[in-house]
Amino acid sequence: MNKNIYLIIFSFTLILLTGFYFTSEIRSFWISHLAHLGVMLFAGLVIVGLNNNELPNKEKAKFKIHQILTIAVGVIGLIGVINFIPVLASKIAGIEMVRLLKSADLNRVFVTLISITVFEEIIFRRILAQSIKNKLGLRKGVWISALIFSLVHVYSDTGLLGAFLGGAVFAYIYLKTMNIYLSIGAHLFYNLTTYFLTPIFINNFNRLNEYSIIVSVLLIGSCFIFLMYRILRMTDKVIVEKKPADNNTYK
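Residues numbered from 1 in each chain as written. Predicted model: local features only at pLDDT ≥ 70, side-chain atom pairs only at ≥ 80, totals over all residues. Heavy atoms only, no water.

**Considering the overall build of the protein chain**
Threshold: Helix numbering and strand numbering both begin at the N terminus, where a helix is a DSSP run of H or I of at least 4 residues and a strand a DSSP run of E of at least 2. Burial classes: relative accessible area under 20% of the type maximum marks a residue as buried, over 50% as exposed, and values in between as partly exposed (1.4 Å probe, protein chains only).
Along the backbone of the protein chain there are nine helices and zero strands. Traced from its N-terminal end to its C-terminal end, the protein chain shows the element sequence α-α-α-α-α-α-α-α-α. The buried share of the protein chain, reckoned over its 251 residues, is 42%.

Here you go:
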């Protein structure tokens, strides 16, 4: 087993945790944002440097038009699951979550969401998840990259569990399709949809804060995510099974 991957994982995580700690202490919003992007860029360059100054090798993109709809369904499910898990937890614990909810200014969030999303997908999926997958396999590429993605969100308001689930879904989308544009699109769809739905969610929180609604959203959302997983997996199997047949036709 190539031990270099463990050095990559450790170095990457340490750089991000240390860098994000200091950027979280910066009071200026835009300076903090640029520093945040700079830390991610530096961490990605470290991986590239440890990988003989080359991006991790990847297979040819496996793009099918139906994947867009499939991924959209999965991301819709992810939106429901990630946003309603805290609601369920707060309701069980007896915490008034509505006081904790807030929406941000559009002029700041819109720009930062797009830039951070693109950076995160390139750094965490194209570079980190791809490096792990190349050395340890697809499953570890998904779960280890998702775990690191979750850990480095410790200084944000995202929440560790939400970041872990999102990281796993976006990593799976990328590693199954080998198309970074699909994972960027999925991540942007999640972030922007969540942002625009947050005010509606806050205004109707008392209506939504019922066990029947919460459990229904969590179950339906989980089914949507599982459906996306199955379809992407089946599509990948069909492509693999077709290769020998296609080769035989040219013999």
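**Thoughts on helix α6 (residues 160–177)**
Put simply, the rule reads: Working rule for helices: expected span equals 1.5 Å times residues minus one.
Given a rise of 1.5 Å per residue, 18 residues ought to cover 26 Å, and the 26 Å separating the end C-alpha atoms of α6 matches this to within 8%. Of all 18 residues making up α6, 14 are buried, and the element is well covered by its neighbours. With its phi angle positive at about 55°, Met-178 sits one or two positions after the end of α6.

**A few points about the pattern of salt bridges**
Rules: Whenever a carboxyl oxygen of Asp or Glu lies within 4 Å of a side-chain nitrogen of Lys or Arg, that contact is scored as a salt bridge.
Within the structure shown, the criterion is met by two salt bridges. Where Arg-125 meets Glu-121, a salt bridge forms, and the shortest distance between an N and an O atom there is 2.6 Å. One end of the pair, Arg-125, and the other, Glu-121, are both in helix α4 (residues 106–136), four residues apart, so they sit about a helical turn from each other. One exposure class covers both Arg-125 and Glu-121, and it is buried.

**Structural notes on the packing of aromatic side chains**
How we decide: In this scheme Phe, Tyr and Trp rings, the latter by its six-membered ring, pair at centre separations within 6.5 Å, and the angle between planes marks the pair as stacked below 30 degrees, edge-to-face above 60, and tilted otherwise. Cation placement over rings: the criterion is NZ of Lys or CZ of Arg within 6 Å of the ring centroid and within 35° of the ring normal.
This structure, assessed with the given rule, holds 12 aromatic pairs. Centroid distance Tyr-21 to Phe-22: 5.3 Å. Interplanar angle 75°. Geometry classified as edge-to-face. Judged by centre distance (5.5 Å) and plane angle (80°), the ring pair of Phe-84 and Phe-201 falls under edge-to-face. Placement of Phe-84 in helix α3 (residues 66–93) and of Phe-201 in helix α7 (residues 180–203) is noted, with a sequence separation of 117 residues between them. This pair shows no difference in class: Phe-84 is buried, exactly as Phe-201 is. Through a chain of ring-to-ring contacts, the aromatic side chains of Phe-12, Phe-124 and Phe-149 assemble into a single cluster. Against the face of Tyr-211 rests Lys-91, its NZ or CZ located 5.1 Å from the ring centre. Geometry around Phe-149 places Arg-125 over its ring, the cationic atom sitting 4.5 Å from the centre.

**Topic: a nonpolar patch on the surface**
Basically, it comes down to this: A patch consists of residues exposed above 30% relative accessible area that lack any salt bridge, with like charges linked at up to 9 Å and nonpolar side chains (Val, Leu, Ile, Met, Phe, Trp, Tyr) linked at up to 5 Å. Areas reported as accessible are Shrake-Rupley estimates using a 1.4 Å probe. Residue values count occlusion only from the protein chains shown.
A cluster of nonpolar side chains, namely Tyr-21, Phe-22, Val-154, Tyr-155 and Leu-160, defines an oily patch on the protein surface of about 490 Å² accessible area. The topology assignment puts Tyr-21 in helix α1 (residues 4–24). Among the residues examined, Tyr-21 registers a relative accessible area of 38% and is labelled partly exposed.

**Some thoughts on the environment of Ile-220**
Its place among the elements puts Ile-220 in helix α9 (residues 211–249). Relative accessible area serves as the criterion here: at 47%, Ile-220 is assigned to the partly exposed category. Residues Ile-220 and Gly-80, spaced 140 residues apart in sequence, show a C-alpha to C-alpha distance of 8.2 Å.

**Description of the side chain of Ser-115**
Quick reminder of the rule: We call two N or O atoms a polar contact when they sit within 3.5 Å, provided that within protein one can donate a hydrogen and the other can accept it, with sequence-adjacent residues counted only if both atoms are side-chain atoms. Pairs of residues are marked as contacts when any of their non-hydrogen atoms sit within 4.5 Å.
Along the chain, the position of Ser-115 falls in helix α4. Looking at Ser-115, its side chain comes within polar contact range of the main-chain oxygen of Val-111, at 3.1 Å. Among the polar contacts listed, one links the side chain of Ser-115 to the backbone oxygen of Thr-112, at a separation of 3.2 Å. In contact with Ser-115, not counting residues within four places along its chain, are His-33 and Leu-37.

**Structural notes on the confidence of the model for the protein chain**
The cut-off we apply is this: Each residue gets a pLDDT score, which is the predictor's confidence in that residue and runs from 0 to 100.
Across the protein chain, the average pLDDT comes to 87, with 88% of residues at 70 or higher. Of all the helices and strands in the protein chain, α9 carries the lowest mean pLDDT, 78, while helix α5 (residues 138–151) carries the highest, 96. Every residue in residues 244–251 scores below 50 in pLDDT, and together they form zero contacts with partners more than four places removed in sequence or on other chains.

**Details of unusual backbone geometry**
Residues apart from glycine generally show negative phi values, whereas peptide bonds are mostly found in trans. Even without being a glycine, Asn-53 presents a positive backbone phi close to 60°. Mapped onto the elements of the fold, Asn-53 is located in the loop between α2 (29–50) and α3. One non-glycine residue, Met-178, lies in positive phi territory at about 55°. Given the relative accessible area of 2%, Met-178 is considered buried.

**Focus: the packing of α1 against α5**
Note the cut-off: To obtain each axis, a line is fitted to C-alpha atoms, and for helices this fit is confined to the stretch in contact; angles are then taken between N-to-C directions over 0 to 180 degrees. Under this scheme an angle from 65 to 115 degrees is roughly perpendicular, one under 35 degrees roughly parallel, and one over 145 degrees roughly antiparallel; angles in between are oblique. By convention the crossing between two helices is left-handed if the near helix lies anticlockwise of the far one by an angle smaller than a right angle, and right-handed if it lies clockwise. Polar here means any residue other than Ala, Val, Leu, Ile, Met, Phe, Trp, Tyr, Cys and Pro, which are nonpolar, and Asp, Glu, Lys and Arg, which are charged; Gly is therefore polar.
Running from N to C, α1 and α5 cross one another at 20°; their axes reach a closest spacing of 10 Å. Here α5 runs roughly parallel to α1, going by the angle between their axes. The chirality of how α1 crosses α5 is right-handed. Between α1 and α5, the residues in contact are Ile-9, Phe-12, Thr-13 and Leu-17 and Ile-144, Ile-148 and Leu-151, respectively. Class assignment of the residues belonging to the contact of α1 with α5 gives a composition of six nonpolar, one polar and no charged.

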